Amino acid sequence: MKILVLGSGAREHAIIKALIRTGTDPEEITCAPGNGGISQEVKTVSIDANNPEAVTNWALAASTELVVIGPEAPLVAGVSDALRAAGIAVFGPSKAAAALEGSKEFAKDVMAAADVPTGMARKCTSLSEVESALDEYGAPYVVKADGLAAGKGVIVTSDKQAALDHAHTFLTHGMEILVEEFLDGEEVSLFFLSDGTSVVPLSPAQDFKRAYNFDKGPNTGGMGAYSPLPWLPEGFVKEVQDRVALPTVRELARLGTPFVGLLYCGLIVTSKGIRVIEFNARFGDPETQVVLRRLVTPLSHLLHNAATGHLAEVNEPEFTKDVAVTVVLASEGYPVTSAPNREITGIVPDTNSVEVAHAATKLEDGKLIATGGRVLSVVSIADDFHEARRAAYEAICGIELEGSHYRTDIALKVDEVQNV
Ligand code: AMP
Ligand code: GLY
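A brief look at the structure comes next. (Residues numbered from 1 in each chain as written. Chains lettered and ligands numbered in written order. Predicted model: local features only at pLDDT ≥ 70, side-chain atom pairs only at ≥ 80, totals over all residues. Heavy atoms only, no water.)

Details of the overall build of the protein
To be explicit about the condition: A run of H or I in DSSP becomes a helix once it reaches four residues, and a run of E becomes a strand once it reaches two; helices and strands are each numbered from the N terminus. Atoms counted for the radius of gyration: C-alpha only. Globule rule: 2.2 Å times residue count to the power 0.38. With a 1.4 Å probe rolled over the protein chains alone, any residue whose accessible area is under 20% of its type maximum counts as buried; one over 50% counts as exposed, and the rest are partly exposed. Residue contacts are counted whenever heavy atoms from the two residues lie within 4.5 Å of one another. Accessible surface area values rest on a Shrake-Rupley calculation with a 1.4 Å probe, where residue burial reflects the displayed protein chains alone. The charged-residue count follows a simple rule in which Lys and Arg add positive charge and Asp and Glu add negative charge, with His and chain termini not counted at all. Charge positions are represented by NZ for Lys, CZ for Arg, CG for Asp and CD for Glu.
When you go through the protein residue by residue, the secondary structure sums to 13 helices and 23 strands. Relative to its length of 420 residues, the protein is compact, with a C-alpha radius of gyration of 21 Å against a globular reference of 22 Å. Counting across all 420 residues of the protein, residues that qualify as buried make up 55%. For the protein, long-range pairs separated by at least 24 residues make up 69% of all intrachain contacts whose partners lie at least 6 apart in sequence. For the protein, the exposed surface amounts to about 17000 Å²; the carbon and sulfur share of it is 50%. Within the protein, the 56 negative side-chain charges are centred at a point lying 2 Å from the centre of the 35 positive side-chain charges.

Okay, here's the thing in structure tokens:
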């Protein structure tokens with residue numbers, strides 16, 4: 001099957017590695033635009049992934065049978081709508097359905113209509129409304145700017161003045177603010193493939209959102225992840241499927257905006273039960289690196305069936321019992337400041353137990369150059385978390401990039417608990 005993958009991050013690299021590992025011929029895969037690591041495994045083309053016409057024209061000319069959209073930006077730009085209109089199977093929701101990620105207010109409305117459990121929230125358009133909502137819910141305070149992705153518009157703080165200052169910054173830019181009830185508990189990312197009517201769960205993962213060890217520092221796109229989550233109660237996935245994913249997909253279908261693609265459920269397991277903190281309309285990064293590393297079922301088959309409305313005929317995907325850990329290497333200053341392009345060395349070739357998914361890298365005169373932000377994800381798989389962590393950290397220790405940093409506590413807690 002001829003597949004075009006859109007995107008240039010470690011998530012897209014992980015999707016491509018999983019396609020190949022589960023049986024797709026690398027010759028059949030093209031990535032646009034890709035990065036320095038992806039271009040060493042499959043063909044890359046330099047079309048603009050956010051341009052609906054350019055992508056559709058390329059896909060038609062190349063007789064593409066499936067387009068897999070990695071990031072949010074092409075969804076928001078209407079790339080999936082254009083591809084669908086041209087009769088091409090596409091894994092990625094329409095612009096209208098992708099608003100589930102882009103508009104926190106839309107997501108809250110869908111959840112309210114579908115009776116999906118989530119935290120209380122107040123929409124605010126002035127600082128005085130923000131202040132009274134903060135007082136209503138109490139500390140810690142959660143303030144979100146509507147319409148911003150990747151956690152960048154979110155602050156969770158016990159400092160009321162910092163919460164107000166955060167709200168003020170976005171209000172002065174004309175954005176609406178959501179003040180939310182703080183939800184206390186472990187976070188879980190659970191992905192569902194959706195064909196607009198049926199959903200199929202993948203395996204749960206946990207992401208590490210803060211920049212520094214022990215959940216200190218600012219929010220990031222994600223600094224590491226592990227899968228599965230052995231501490232989850234029996235029946236967790238089924239409960240999220242029945243109480244969150246299916247009602248949400250049914251509500252979107254009822255609204256005339258069927259969701260075809262990856263429904264990312266960002267959840268907190270509170271003492272009162274499961275609560276949704278966010279939806280995304282795409283695979284999570286870096287959770288995808290660990291979830292798909294454990295996938296056994298052919299990924300192309302799953303994505304194509306989702307894209308063409310045939311998920312009901314698909315058996316639940318199979319995952320290995322092995323555990324996977326990923327640690328993100330970020331460039332100097334991330335997520336606060338950006339670093340100049342720098343050479344990166346010491347990446348060893350993939351083995352059966354450790355592989356490297358590239359994000360912000362490019363090849364230049366035979367050298368690998370890091371171009372800032374999250375640069376790569378080291379992914380390891382093993383019988384247990386102790387060995388998976390050991391192997392991931394051994395590999396990342398050997399990588400040299402001036403000023404780079406990574407967290408050293410990814411999957412530490414689950415490793416310690418398993419070794420008691
Ligand atoms: P979001 O952009 O909504 O995913 O938020 C980014 C991160 O902020 C989440 O992954 C959580 O770690 C944290 N967060 C968001 N909303 C809440 C909430 N209501 N209660 C506690 N933590 C939250
Ligand atoms: N890792 C969080 C996200 O992909 O949004």
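Let's pick the thread back up.
Some remarks on the pairing of strand β10 (residues 186-195)
Worth spelling out the cut-off: A strand pair is defined by DSSP finding two or more bridges across the two strands.
Among the 10 residues in β10, 8 count as buried, and that is most of the element. Note: β10 against strand β16 (residues 260-270), 10 bridges, orientation antiparallel. Bridge pairing in β16 places Glu-186 opposite Val-269. Across 3 bridges, β10 lies against strand β11 (residues 199-201) in antiparallel orientation. When the sheet's bridge partners are listed, Phe-192 is paired in β11 with Pro-201. Connecting β10 to the next strand, β11, in antiparallel fashion are 3 residues, including Gly-196 with a positive phi near 105°.

Remarks on empty space enclosed by the protein
How we decide: Put simply, the grid is 1 Å and covers the protein atoms alone, a cavity is a trapped set of points that fit a 1.4 Å probe, a pocket is an open set with protein on both sides within 12 Å along at least five of seven lines, and lining residues have an atom within 4 Å of a point. Grid points are joined across faces, edges and corners, and a volume is the space filled by probe spheres set on the points.
One pass over the full model with this rule turns up 3 cavities of 30 Å³ or more. Lining the largest cavity are Leu-100, Glu-101, Lys-104, Ala-107, Lys-108, Met-111, Thr-118, Leu-178, Glu-180, Ile-277, Glu-278 and Phe-279. For the lining of the largest cavity, the elements supplying multiple residues, two or more each, are α5 (95-102), α6 (104-114), β9 (177-180) and β17 (273-280). At 4 residues, α6 tops the list of elements feeding residues into the lining of the largest cavity. What lines the second largest cavity is simply Ser-331, Glu-332, Ala-339, Pro-340, Arg-342, Ala-370, Gly-372, Leu-401 and Glu-402.

Things to note about the site of ligand 1
Quick reminder of the rule: By convention in these notes, a residue is near a molecule or strand provided one of its non-hydrogen atoms lies within 4 Å of it. Polar contacts here mean pairs of N or O atoms no more than 3.5 Å apart (in protein, one a potential hydrogen donor and the other a potential acceptor; neighbouring residues in sequence count only if both atoms are side-chain atoms). Under the grouping applied here, Gly and all other residues not named as nonpolar or charged are polar, the nonpolar ones being Ala, Val, Leu, Ile, Met, Phe, Trp, Tyr, Cys and Pro and the charged ones Asp, Glu, Lys and Arg.
Surveying the vicinity of ligand 1 reveals 15 residues, the closest of which are Lys-144, Leu-183, Glu-187, Lys-209 and Glu-278. Between a nitrogen atom of ligand 1 and a side-chain N or O atom of Glu-180, the distance comes to 3.1 Å. A distance of 2.8 Å separates an oxygen atom of ligand 1 from a polar atom in the side chain of Glu-278. Isolated, ligand 1 exposes 470 Å² of accessible area, and the fraction of that covered by the protein chains is 94%. Elements represented by at least two residues in the shell around ligand 1 include exactly β7 (141-145), β8 (154-157) and β17. Taken together, the residues that form the shell around ligand 1 break down as 6 nonpolar, 2 polar and 7 charged.

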